[in-house]
Amino acid sequence: MSDISPPSVNRELGVALRRWARHGVGVVRVLERHGFGTVEPGQLLAASSAGETAGQVYLGALDTVAVPLAHAALSGPGTRGAHVAEEPAVAAGLACAGGATLLGHPLTAELADALGTALADGQPAVLASTSDGATQLVLTGPELASQHGGLGTAADQTVAEVAKRLLRQGATSTERITDAGLDVLLDLWVPVPTVLVVGSGAIGDALLAQAALLGWTGRRITELDAARGALAEFTEADVLVLLDHAGKFDELLVEGIRRGRGFLGALGSRRTQAARRSRLTAAGLTEAELARLHGPVGLDLGARTPAETAVSIVAEVIAARSGRAANALADIQGRIGA
């Protein structure tokens, strides 16, 4: 059984960028922002020389400023401020009012094609530019090893190091780099996770539904060989949730742990987890290796139903991908969503 969510907005944006590249592309990104509540990083709006647009900035709430800026960016870089009051912000789907400084700049054919291809193909991609938009750098590929354009030798190296560190966290990010005399805006797009559910049952159904709600792709597999084949294609962003308690699936966990990619979780009671851990130790896994397995998978939310259990599982995945301890927002300091 396989359940796949619709193409992501970023993949559709990538297709558009690739199609428009030869004739010129202008893009708009978020240089600074305040308010709006929790919003996704990597906001990007693109415009073609034919007057088309793709992507969006803050669910379209800033379109009156962002769309003209994207078209103007075809001719050269520039910035504009934008503010949205509470009522239109909420109507657009944002949590609250806010303001932003938007950066618009052109992309050369090479950069637009490289960025578009990566987004369309579900590959990690970085778009970095000086804060004035005058120069741009695109990094693409599983390890961000392909470079297009540049900001200058020293800056390129710093941006690449920051980008690869962010990539290891497995989540789309936006960073402002102001160290060592730099002022660079960096957007990193990481492919959405594929959730591989191994086993059947109501929790698996709920988990696939929750994954779809988040815009992740989902697959259910019940046979070991098929699961091993899917695991072999795992990236750092992908998620395995083992529901089946049969000992034959220990082999899958051993392979996954030793490959060192993605989030590996296993459902089961304390007794089931202890028995599985004993078998995995006998199979040769060390304590350090076993620490990569999230078992029992999920956060302690008091979940009772399959749907609540699915929420607890994806919550742990999100926390792990972002490197957070999953504390209550009221108990932490600093900007929410930073």
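In case you missed it, the structure is sitting above this.
Computed from a prediction, not measured in an experiment: that's the story for all the values here. (Residues numbered from 1 in each chain as written. Predicted model: local features only at pLDDT ≥ 70, side-chain atom pairs only at ≥ 80, totals over all residues. Heavy atoms only, no water.)

Peer 1: I'm lost on the pattern of salt bridges in this one. Help?
Peer 2: Any two side chains of opposite charge can pair, given that their charged atoms come close. Going through the model one piece at a time under the given rule, you end up with eight salt bridges. Among the ionic pairs, Arg 176 bridges to Asp 183, the shortest N-O distance being 2.7 Å. Residue classification places Arg 176 among the partly exposed positions, given a relative accessible area of 31%. In this structure, the salt-bridge partner of Arg 279 is Asp 250, at a minimum N-O distance of 2.5 Å. A residue pair is termed long-range when its members are at least 10 positions apart, and Arg 279 in helix H9 (residues 270–282) and Asp 250 in helix H8 (residues 250–259) qualify at 29 residues. A cluster of three or more residues bridged by salt bridges with shared partners is formed by Glu 32, Arg 176 and Asp 183. (Salt bridge = Lys/Arg side-chain N within 4 Å of Asp/Glu carboxyl O. Buried < 20%, exposed > 50% of the residue type's maximum accessible area, 1.4 Å probe, protein only. Helix = DSSP H or I, 4+ residues; strand = E, 2+ residues; numbered from the N terminus.)

Peer 1: How do you make sense of the environment of Pro 142 when you look at a structure like this?
Peer 2: Mapped onto the elements, Pro 142 comes out in the loop between strand S8 (136–140) and strand S9 (146–149). Considered as a pair, Pro 142 and Leu 119 are 23 residues apart in the sequence and their alpha carbons are 12 Å apart.

Peer 1: I tried to follow the packing of H8 against H9 on my own but got confused; where do I start?
Peer 2: Where H8 meets H9, the closest approach of the two axes is 10 Å, and the angle between their N-to-C directions is 65°. Regarding H8 and H9, the two cross each other, and that crossing is right-handed. Contacts between H8 and H9 involve Asp 250, Leu 253 and Val 254 from the first element and Arg 276, Arg 279 and Leu 280 from the second. Class assignment for the residues of the contact of H8 with H9 results in three nonpolar, no polar and three charged. (Axes fitted to C-alpha atoms, helices over the stretch in contact; angles between N-to-C directions. Left-handed = near helix turned anticlockwise from the far one by under 90°. Contact = heavy atoms within 4.5 Å. Nonpolar A, V, L, I, M, F, W, Y, C, P; charged D, E, K, R; others polar.)

Peer 1: Just checking my understanding: could you explain the environment of Gly 218 for this structure?
Peer 2: Among the structural elements, Gly 218 can be located in strand S13 (residues 217–221). For the pair Gly 218 and Arg 29, spaced 189 residues apart in sequence, the C-alpha separation works out to 30 Å.

Peer 1: Help me understand the sheet that holds S9 in this model?
Peer 2: Strands pair in a sheet through their backbones, by hydrogen bonds, and they do so in one of two ways: parallel or antiparallel. If you walk across this open sheet you meet the five strands as S9-S8-S7-S11-S10, and the pairing is antiparallel. At either end of the open sheet lies a strand with only one pairing partner, and these are S9 and strand S10 (173–177). Neighbour-to-neighbour, the strand axes of the sheet open up by a mean angle of 15°, direction not taken into account. As paired elements, S8 and S9 share four bridges and run antiparallel to each other. When the sheet's bridge partners are listed, Val 138 is paired in S9 with His 148. Against the sheet, helix H4 (residues 109–120) makes contact with strand S7 (125–130), S8, S9 and strand S11 (184–189), and its axis sits at roughly 30° relative to S8, the strand it touches most. (Pairing = 2+ DSSP bridges.)

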